[in-house]
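A look at the structure
In case you want the letters, here they are:
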Amino acid sequence: MGSLLTAPLVVFDYFANAMTLLGWIINNAIWNVMVGTGIAAVPFITLVLSEWFKARQEGDEAGTKGILTVNRIETRLYAMILAYAFTCLPLLQVQLATADIDESRSLECGTRQFAAGGWSEGAFGATESSIGGQQARIPLWWAGVHAVSHGLTAAAIHAIPCSTDFESIRMELDLHSVEDPGLQQEVGEFQRQCFGPARNRLLQEGGTIEATRAMDVDWIGSNYFQTTPGYYDSFYAGRPIAGFPYDADRDVSRPNTGPGMPGYPSCREWWSAESVGLRARLHEEVSPGFWDDFRSVFTSSDAEDYVIRRLVSPARVRPAATWIRRWWAFVAWTAAASGMPP
């Protein structure tokens, strides 16, 4: 008999487990107060009075008015008792089990994933039915609502295909920025000495620029500027760049360079050279873990260029002047704290 009056219900996390039990324990306490004070009987009294008042309003023309009133009260009373029994009377003992969630799989998919075995035995943790020795009970109707709603929710979640959480990737990408002041300065120099002149030359040539090309030439790593003669192959760095050795055919007439010293790379070399080029160094600014997650979804180099493009956007590359201002602000604050002039 005890098992027949038990409601085995499922929740999806341990917090919901505790809150559900606590909620029904409080509900039971309120119900006991309503029964003890007679408040629970108020609707029944209201039913009898309302039917009596209606019979008085209708008059005494019909000789069976009394029998009709009794029948009305009886019919509505049965309906009210059933409503009370199903929705208010806590008949069932609550037994909550927390679903076993595969955390690693859930992180990969971006949605809650149940452990292998689904709803079979052993898929849930230990059941809970009381808090502090107080037993939680639940009415029949609300036990059914809980079972149906959570079952439909679980089925809907299970139907979601396991795919990459693109929102998480975007949010993680937004957390990356160029933190190295030297690299920030070099990106600014590349923009002034390579991207600016190349874009000016393109605009001076006139003509119509297609929409796809307009998007490509709108950032410093433009594929069009790198592959089209007369652009990045025609402009050079304004100073010797570390990692690019002196080239006599290229740098013989340039200052501050010579054999065994850094040279002046072309903008194409400066951007695309392996390991020492700007693109490779910006690539290293992004954590390896992010690249692993990113490559599991996107395989083309164009997708990696999109990441680097966001990395070098003005909002993410803090100019060197910002660091200088922060340094002087720190010096001034330190001097003020010590009572000495900066």
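Provided above is the structure to which this section pertains.
Presented here is a report on the structure given in the accompanying data block. Note that residues are indexed from 1 along each chain, following the sequence as it is written. Only residues with pLDDT of at least 70 get local features here, since the model is predicted, and only at 80 or more are side-chain atom pairs given and counted; chain-wide, interface and lining totals rely on the full set of residues. As a rule here, side-chain values come from all non-hydrogen atoms in the structure, and water together with hydrogens is ignored.

As for the overall build of the protein
Only DSSP runs of H or I with at least four residues qualify as helices, and only runs of E with at least two residues qualify as strands; both kinds are numbered from the N terminus onward. Scanning the protein from N- to C-terminus turns up 15 helices and seven strands. Summary of the burial criterion: residues with accessible area below 20% of their type's maximum are buried, those above 50% are exposed, and those between are partly exposed, where the area comes from a 1.4 Å probe applied to protein chains only. Residues classed as buried in the protein amount to 32% of the 342 residues present. Residue contacts are defined here by distance: any two heavy atoms, one from each residue, within 4.5 Å place the two residues in contact. By sequence separation, contacts in the protein at least 24 residues apart represent 71% of the contacts at least 6 residues apart. Each accessible area is a Shrake-Rupley estimate made with a 1.4 Å probe; only the visible protein chains count as cover when residues are assessed. Carbon and sulfur atoms make up 61% of the accessible area of the protein, which amounts to about 20900 Å² in all.

Side note on the pattern of salt bridges
The working definition used for a salt bridge is a side-chain nitrogen of Lys or Arg within 4 Å of a carboxyl oxygen of Asp or Glu. Applying the stated criterion across every chain yields a total of nine salt bridges. Here glutamate 186 and arginine 281 are joined by a salt bridge, their closest N and O atoms 2.8 Å apart. With glutamate 186 in helix α7 (residues 181-204) and arginine 281 in helix α12 (residues 278-285), this residue pair connects regions lying 95 residues apart in the sequence. Accessibility expressed as a relative area gives 6% for glutamate 186, which makes it buried. By relative accessible area, which is 22% here, arginine 281 ends up partly exposed. Put simply, glutamate 304 and arginine 279 hold a salt bridge, and the shortest N to O gap is 3.9 Å. With glutamate 304 in helix α14 (residues 301-311) and arginine 279 in helix α12, the pair connects residues that are 25 residues apart, well separated along the chain. Through salt bridges that share partners, Arg250, Asp251, Arg254 and Glu269 make up one connected network.

Some words on the environment of leucine 47
Within the element layout of this structure, leucine 47 appears in helix α2 (residues 42-58). The contacts of leucine 47, once residues within four sequence positions are left out, are Ile73, Arg76, Leu77 and Met80.

Observations regarding unusual backbone geometry
When glycine is set aside, most residues are seen to have a negative phi, and most peptide bonds are trans. Phi at asparagine 256 is positive, roughly 60°, even though this residue is not glycine. With respect to the element layout, asparagine 256 can be found in the loop between α10 (248-251) and β7 (262-263). Classification of asparagine 256 as exposed rests on a relative accessible area of 63%. For serine 275, which is not a glycine, the phi torsion comes out positive at approximately 65°. Its place among the elements puts serine 275 in the loop between α11 (267-272) and α12. The exposure class of serine 275 is exposed, given its relative accessible area of 55%.

Some points on the nonpolar core
In globular proteins that are soluble, nonpolar side chains generally tend to be buried together. Residues grouped as a nonpolar core are buried Ala, Val, Leu, Ile, Met, Phe, Trp, Tyr and Cys residues, joined through side-chain atoms within 4.5 Å. Formed by 36 residues in total, the largest nonpolar core has its most connected members in Phe190, Ile220, Phe225, Tyr232, Trp270, Trp271 and Leu282. When contributions to this core are tallied by element, the ones reaching two or more residues are α6 (166-174), α7, α9 (223-227), β6 (241-245), α11, α12, α13 (288-295) and α14. Counting residues per element, this core draws most heavily on α7, at seven residues. Aside from chain neighbours lying at most four places away, what touches tryptophan 270 is Glu186, Glu189, Phe190, Gln193, Cys194, Ala237, Ile241, Phe244, Pro265, Gly277 and Leu278. Grouped together as the second largest cluster of nonpolar side chains are twelve residues, Val11, Trp24, Leu92 and Leu96 included.

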